Amino acid sequence: MPLVTTKEMFQKAYEGGYAIGAFNVNNMEIVQGITEAALETNSPVILQVSAGARKYAKHVYLMKLVEAAVADTGLPIALHLDHGEDFEICKACIDGGFTSVMIDGSKHSFEDNIALTRQVVEYAHKHGVVVEGELGRLAGIEDDVNVSAEDSSYTDPNQVEEFVRATGVDSLAIAIGTSHGAFKFKPGTKPQLRFDILEEVSRRLPGFPIVLHGASSVTPHYVDLINSNGGKLKDAIGVPEDQLRKAAGMAVCKINIDSDLRLAMTAGVRQQLLADPAGFDPRGYLKVGRQYVKDLVQDKILRVLGSAGKA
């Protein structure tokens, strides 16, 4: 089976009241952990690559790793560019075999965001590739994305119809209170997504797939493992899983998860290195990290996304 686009995935997810996990990949072990979990749960999956991942691993290596995952699992897998900042990087990924790209024009004015997004859509659609756009700005830090709380903004539902019509995007990322990174909320606060915004957006765009970025839950189990094995992650707080499940039952068809993967991998590596201080074989500690990534993804598919058995 070749790489697929998200068109059919999202249509089924919208109608079925579940979401597809979009998991960021950086190396072989993370790709293996994600796709092995998806295979065992018979779940469709989106593997996504950030600009930082392309700089770290190189485009060609990531492509071959994902192609190997498709051959190994036979699953419907989409390969997506996460947070493309300009036309050039989107074009490079389209030309290089990606089946989906995100153009993040949220830092620009509404008019300039439309113009940039439309430019990417026109090129992508000519090559059979789908496009995700963004309205609103999420706070937080992740790779090249760094937005302060002061510069963040919720999505304005009054803009979504014009944006989708003018750009021709295939899905839309909105800002309803999620945040990038592992430190999403201040200690003592009760994280609460703006479901009123999501409801109004879905009312204005019936049947249209919505995306949530910055949706890692920062699972306390992995944070505790990291801290108990020499790490220092104080006040790491994520998005409550019950709220993500609620969003997946509404118009949200794609939920992005990156920080949780990093935490799971780091927890496994730290635990193994401390347990075996004389060990120096990367296969030993990376194997444990890979297993923790697999465990995390399986849990997300079964309890949060609801995509098990949907491949």
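What comes next is a walk through the structure. (Residues numbered from 1 in each chain as written. Predicted model: local features only at pLDDT ≥ 70, side-chain atom pairs only at ≥ 80, totals over all residues. Heavy atoms only, no water.)

## Details of helix 7 (residues 157-167)
The condition is simple: Burial classification: accessible surface area is computed with a 1.4 Å probe over protein chains only, and a residue below 20% of its type maximum counts as buried, one above 50% as exposed, and the rest as partly exposed. Secondary structure elements follow DSSP: runs of H or I of four or more residues count as helices, runs of E of two or more count as strands, with numbering from the N terminus. In this description, the arc belongs to the directions extending from the helix axis to the C-beta atoms. When checking whether two residues touch, look at their non-hydrogen atoms; a contact exists if any pair is within 4.5 Å. We call two N or O atoms a polar contact when they sit within 3.5 Å, provided that within protein one can donate a hydrogen and the other can accept it, with sequence-adjacent residues counted only if both atoms are side-chain atoms.
Of all the residues in helix 7, the buried ones are P157, V160, F163, V164 and T167. For helix 7, the angular spread of buried residues about the axis comes to 95°, placing them on one side. For helix 7, the exposed residues lying more than 90 degrees away from the buried face are N158 and R165. As for helix 7, its buried residues are in contact with helix 6 (110-126), strand 5 (130-135), strand 8 (171-174) and helix 8 (195-204). The opening residue of helix 7 is D156, an N-cap whose side-chain oxygen sits 2.9 Å from the backbone nitrogen of N158. The first or second residue beyond helix 7 is G168, which carries a positive phi of 80°.

## Some points on the environment of L286
Inspection of the secondary structure assignment puts L286 in helix 12 (residues 282-305). Spatially, the C-alpha atoms of L286 and R270 are 9.9 Å apart, while their sequence positions differ by 16 residues. Sequence-distant contacts of L286, that is, excluding residues within four places in its chain, are made with E29, M265 and V269.

## Some thoughts on the state of the cysteines
Keep this limit in mind: Two cysteine sulfur atoms form a disulfide, by the criterion used here, when they sit within 2.5 Å.
This structure, assessed with the given rule, holds 0 disulfides. C90 takes part in no disulfide bond, and the closest cysteine sulfur to it belongs to C93, at a distance of 7.0 Å. Of the residues examined, C90 reaches a relative accessible area of 0% and is grouped as buried. Under the relative-accessibility criterion, C93 is labelled buried at 0%.

## What to know about the side chain of T155
With respect to the helices and strands, the residue T155 is situated in the loop between strand 7 (145-147) and helix 7. Its relative accessible area of 3% is what places T155 among the buried residues. Only 2.4 Å separates the side chain of T155 from the backbone oxygen of L135, close enough to count as a polar contact. A polar side-chain atom of T155 sits 2.7 Å from the main-chain amide nitrogen of A175. When neighbours within four sequence positions are excluded, T155 is seen to be in contact with L135, G136, V160, I174, A175 and I197.

## Thoughts on the pattern of salt bridges
How we decide: A pair is scored as a salt bridge if a Lys or Arg side-chain nitrogen falls within 4 Å of a carboxyl oxygen belonging to Asp or Glu.
Overall, the coordinates contain 16 salt bridges when judged by the stated rule. As a salt-bridge pair, D196 and R194 come within 2.8 Å of each other at their nearest N and O atoms. Its relative accessible area of 42% is what places D196 among the partly exposed residues. For R194, a relative accessible area of 29% gives the class partly exposed. Between R283 and D281 there is a salt bridge, with its nearest N and O atoms 3.0 Å apart. Under the relative-accessibility criterion, R283 is labelled exposed at 66%. On the basis of relative accessible area, D281 is assigned to the partly exposed category, the value being 33%. Look at the salt bridges and you will find they share partners, linking E241, D260, D299, K300 and R303 into a network.

## A short note on the nonpolar core
Note the threshold: Nine residue types can take part in a nonpolar core, namely buried Ala, Val, Leu, Ile, Met, Phe, Trp, Tyr and Cys, and a core is a set of them joined through side-chain atoms within 4.5 Å.
Judged by nonpolar contacts, the single largest core of 87 residues is most densely connected at I34 and L172. Examining the composition of this core, we find that 8 residues originate from one element, helix 12, more than from any other. Beyond its immediate sequence surroundings of up to four residues, L172 is in contact with G133, E134, L135, V160, F163, V164, L205, F208, P209, I210 and V211. If you look at the next biggest cluster of nonpolar residues, it comprises 9 residues, including M9, F10, I20 and C253.

## Some remarks on the environment of I301
Relative to the helices and strands, I301 resides in helix 12. With 257 residues separating them in the primary sequence, I301 and P44 have C-alpha atoms 9.6 Å apart.

## Examining the sheet that holds strand 1 (residues 20-24)
What counts here: Pairing between strands is defined by DSSP: at least two bridges between the two strands are required. Structural elements are reduced to axes, namely lines fitted to C-alpha atoms, with helices fitted over the stretch in contact, and the angle between N-to-C directions of any two is expressed from 0 to 180 degrees.
Strand order in this closed barrel of 8 strands is 1-2-3-4-5-8-9-10, and the pairing throughout is parallel. Across the sheet, the mean angle separating the axes of adjacent strands is 25° when strand polarity is ignored. Sheet topology places strand 9 (residues 210-212) next to strand 10 (residues 252-257); 3 bridges connect them, and they run parallel. Each residue of the ladder has a partner; that of I210, found in strand 10, is V252. Contacting strand 2 (45-50) and strand 3 (77-84), helix 4 (residues 59-73) crosses the sheet at an angle of about 150° to strand 3.

## Remarks on the side chain of D260
Looking at where D260 falls in the secondary structure, it is placed in helix 11 (residues 259-275). When residues no more than four places from it in sequence are discounted, the contact partners of D260 are S216, S217, V218, T219, L296 and K300.

## A look at the packing of aromatic side chains
What counts, and what does not: A pair of aromatic rings is counted whenever rings of Phe, Tyr or Trp (Trp by its six-membered ring) have centres within 6.5 Å, and the orientation is called stacked for planes under 30 degrees apart, edge-to-face for over 60 and tilted otherwise. We call a charge positioned above a ring when the Lys NZ or Arg CZ atom is no farther than 6 Å from the ring centre and deviates by at most 35 degrees from the ring normal.
Scanning all chains against the criterion turns up 3 aromatic pairs. Ring centres 5.7 Å apart and planes at 80° place the aromatic pair F87 and Y123 in the edge-to-face group. Of this pair, F87 sits in helix 5 (residues 87-95) while Y123 sits in helix 6; the two residues are 36 residues apart in sequence, bridging distant segments of the chain. Comparing F87 with Y123, the two get one shared label, buried. Measuring from centroid to centroid gives 6.0 Å for Y222 and Y292, while their planes differ by 55°, and the two rings are tilted. Here Y222 is found in helix 9 (residues 220-228), whereas its partner Y292 is found in helix 12, with 70 residues between them in sequence. Classification of Y222 by relative accessible area gives buried; the value is 8%. Its end group placed over the ring of Y154, R194 keeps NZ or CZ at 5.0 Å from the ring centre. Over the face of the ring belonging to F195 we find K246, whose NZ or CZ atom lies 4.3 Å from the ring centre.

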